[in-house]
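# An overview of the molecular structure
Below are the chains, spelled out letter by letter.
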Amino acid sequence: MERRNRRPFAAVIAVAAFGVAIGGAFAQTSAVDEIAKYRAALQDGNPAELWEARGEELWTKPHGPRQVAFTRCDLGLGPGVVKGAYAQLPRYFPDANRVMDLETRLVWCMVNQQGLSQADATKNTFGNGSQQRSDIEALAAYVTSQSRGTTMNVSLDDPHMRDMYALGEKMFFYRGGTHDFACSTCHGDDGKRIRLQDLPNLTKTEGAQKAYTTWPAYRVSQGELRTFQWRLNDCFRQQRFPELEFGSDASIALTAYLAARANGAAYDGPAIKR
Amino acid sequence: MADPMKIRANVIGDSTEVKVLMNHEMETGQRKDAQGTTIPAWFIQNVKVTHNDKVVLAAQWGPAVAKNPFLSFKFKGGAKGDKVKITWVDNHNDTRTDEVAIA
């Protein structure tokens, strides 16, 4: 008697579980679609343009104790050349004897050409409202906007660049911190997400291309334009890693790895993100 | 002084489409800072758009409009080269006016 009663009960549970699974999958895809619609609706009026305009003004204005403008700053294609420069960064700069990404190079120009101290140049790396605006974010918005549509072409011909790429790759898969996380824990498989936010699979070419070519981006939830340095910094925070120092070799190595993995795609930033 | 707006105005058929990005904090007055003190409300209250000195849009805004607002609208008429002028006034009585020629 007891045996007979159990069967229908088990069947009911199975049906219920099946129903929940379908419902969950449906809710997830429709939320993803809705976020995509939301992004498309915002695309037209991307406030990143406000940062681009401010950055363009900052680029030509004399700065620092030596009153030198960024028009003397060499981003790799010659002093003051911005068009297409971001699509080839990071790169090795012989004058600094270092591989640099865009933000680090801007700081280098502020220190070595304009005469600012390292502390002053890196005081406001990430902005916070109108009280604490970041010139670096505005300059990055302007410079990257001048590469929109340019094919990503980060060269690994230079041995310094190859070393940085190899280091970045190693870091990407290196597990550590209190949660035993690696970048690849979240970005190494398809279909991973944080809450409703889909995470790109950066081990695949399409994933790396789509992610890298849409930074910097205006983050609607923060009302700020954020650079790739910020993105990495926040990934480290989310992993409970020690704070990623702005412009450190660690940050540049990861940037070099991801930028080179995006080669071949058209750069499409500054974008807009939730 | 407030930062400039970004304005685009294009003739589409028999009307003109205007798209504006404004630079503004748009504080609601509901938020608190790290110390727990309320951040005072600070938002755009009035927006006026004129086409060759004729008002084509007048709006009263409140604190529910997002930071760095984007405004898009159409009005009948308008020809290439005509001037479209946009003015906003916020609750601090700060104001900004920008002008663009219709493309």
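Residues numbered from 1 in each chain as written. Chains lettered and ligands numbered in written order. Predicted model: local features only at pLDDT ≥ 70, side-chain atom pairs only at ≥ 80, totals over all residues.

### Comments concerning the nonpolar core
Residue and element names in this part refer to chain A. Membership of the largest hydrophobic core comes to 68 residues, with the highest contact counts inside it found for Leu139, Val143, Ala256, Leu258 and Ala259. The leading source of residues in this core is helix H10 (residues 249-261), at 8 residues. With sequence-adjacent residues up to four places away left out, Leu139 is seen in contact with Gly55, Leu58, Trp59, Phe70 and Leu106. (Core = buried A, V, L, I, M, F, W, Y, C linked by C-beta atoms within 7 Å. Buried ≥ 20, exposed ≤ 12 C-beta atoms within 10 Å, placed from the backbone. Helix = DSSP H or I, 4+ residues; strand = E, 2+ residues; numbered from the N terminus. Contact = placed C-beta atoms within 7 Å.)

### Side note on the domain arrangement of chain A
Residue and element names in this part refer to chain A. Here chain A is described as being made up of domain 1 (1-44) and domain 2 (48-273). Every contact between the two is made by 6 residues of domain 1 and, on the other side, 4 residues of domain 2. Here the residues of the side of domain 1 that touches domain 2 are counted per class, giving 4 nonpolar, 1 polar and 1 charged. (Domains from an automatic or database assignment. Nonpolar A, V, L, I, M, F, W, Y, C, P; charged D, E, K, R; others polar.)

### Remarks on the confidence of the model for chain A
With 89% of its residues at a pLDDT of at least 70, chain A reaches an overall mean of 86. Counted against residues more than four places away or in other chains, residues 1-26 of chain A, with its pLDDT under 50, gives 0 contacts. (pLDDT = per-residue confidence, 0-100.)

### A short note on the packing of helix H3 (residues 102-112) of chain A against helix H5 (residues 135-145) of chain A
Residue and element names in this part refer to chain A. At their nearest, the axes of H3 and H5 sit 10 Å apart, and the two run at 120 degrees to each other. In terms of crossing hand, the pair formed by H3 and H5 is right-handed. Two secondary-structure elements touch here, H3 through Leu102, Glu103 and Leu106 and H5 through Ile136, Leu139, Ala140 and Val143. Class assignment for the residues of the contact of H3 with H5 results in 6 nonpolar, no polar and 1 charged. (Axes fitted to C-alpha atoms, helices over the stretch in contact; angles between N-to-C directions. Left-handed = near helix turned anticlockwise from the far one by under 90°.)

### Some thoughts on the sheet that holds strand E5 (residues 70-76) of chain B
Residue and element names in this part refer to chain B. Taking strand neighbours across the sheet as the criterion, the 3 strands line up as E1-E2-E5 in an open arrangement whose pairing is antiparallel. Edge positions in the sheet fall to strand E1 (6-12) and E5, since each has one partner strand and no second. Sheet twist, expressed as the mean angle between neighbouring strand axes with direction ignored, is 15 degrees. Taken together, the 7 bridges between E1 and strand E2 (residues 15-21) define a ladder with antiparallel strand orientation. Its bridge partner being in E2, Asn10 is matched across the sheet by Glu17. (Pairing = 2+ DSSP bridges.)

### A few points about the interface of chain B and chain A
Across the boundary between the two partners, chain B contributes 11 residues, which contact 10 residues of chain A. Counting only elements with at least two residues in the side of chain B that touches chain A, the list comes to E2 and E5 of chain B. By residue class, the composition of the side of chain B that touches chain A is 3 nonpolar, 3 polar and 5 charged.

### Remarks on H3(A)
Burial of H3(A) is extensive: 8 of the 11 residues sit out of reach of the surface. Restricting attention to buried positions, one finds in H3(A) the residues Leu102(A), Glu103(A), Thr104(A), Arg105(A), Leu106(A), Trp108(A), Cys109(A) and Met110(A).

### Points about the sheet that holds strand E6 (residues 83-90) of chain B
The strands that make up a sheet are held in pairs by hydrogen bonds between backbone atoms, and each pair lies either parallel or antiparallel. Residues and elements named next belong to chain B. An order of E4-E3-E6-E7 is seen for the 4 strands of this open sheet, with the pairing classed as antiparallel. Lying at the two open borders of the sheet, with one neighbouring strand each, are strand E4 (54-60) and strand E7 (95-101). Across this sheet, the average inter-strand angle for adjacent strands is 15 degrees, counted without regard to direction.

### Brief notes about the environment of Pro69(B)
Residue and element names in this part refer to chain B. Tracing the chain through its elements places Pro69 in the loop between E4 and E5. On a C-alpha basis, the gap between Pro69 and Thr38 in space is 22 Å, while along the polypeptide they are 31 residues apart. Once residues lying within four places of it in the same chain are set aside, the contact partners of Pro69 are Met22, His24, Met26 and Ile44.

### Section: the packing of helix H8 (residues 205-212) of chain A against H10(A)
Residue and element names in this part refer to chain A. In the contact formed by H8 and H10, the axes pass within 8 Å of each other and the chain directions differ by 115 degrees. Of the possible angle classes, the one that applies to H8 and H10 is roughly perpendicular. Note on packing geometry: the crossing formed by H8 with H10 is left-handed. Residues Thr205, Ala208 and Tyr212 of H8 form the contact with H10, whose participating residues are Leu258, Ala259 and Arg261. Residue classes in the contact of H8 with H10 are distributed as 4 nonpolar, 1 polar and 1 charged. (Parallel < 35°, antiparallel > 145°, perpendicular 65-115°, else oblique.)

### A few points about the pairing of strand E3 (residues 44-51) of chain B
Successive side chains on a regular strand alternate, one facing one side of the sheet and the next facing the other. All names here are of chain B. One ladder, built from 7 bridges, connects E3 with E6; its direction is antiparallel. Looking at the pairing, Thr50 lines up with Lys85 of E6. Taken together, the 6 bridges between E3 and E4 define a ladder with antiparallel strand orientation. Residue pairing across strands places Val47 opposite Ala59, the latter belonging to E4.

### Digging into H8(A)
It helps to recall that an α-helix has 3.6 residues per turn; residues three or four apart then point in one direction. All names here are of chain A. Along H8, the residues that are buried comprise Ala208, Gln209 and Tyr212. Taken down its axis, H8 places every buried residue within 100 degrees of arc, on the same side. Those residues of H8 hidden inside the fold are in contact with H10. (Arc of directions from axis to C-beta.)

### Focus on the pairing of E4(B)
Taking burial as the measure, the 7 residues of E4(B) include 0 buried ones, a minor fraction of the element. Taking the residues that link successive antiparallel strands as the turn, the E3(B)-E4(B) hairpin has 2 residues, and the phi of Asn52(B) there is positive, at about 45 degrees.

### Topic: the environment of Val49(B)
All names here are of chain B. One can find Val49 in strand E3. Overall, Val49 belongs to the buried group, with 22 C-beta atoms counted inside 10 Å. Taking the C-alpha atoms as reference, Val49 lies 24 Å from Thr28; in sequence the two are 21 residues apart. If near-sequence neighbours (up to four positions away) are discounted, Val49 is found in contact with Val18, Val56, Leu57, Val84 and Ile86.

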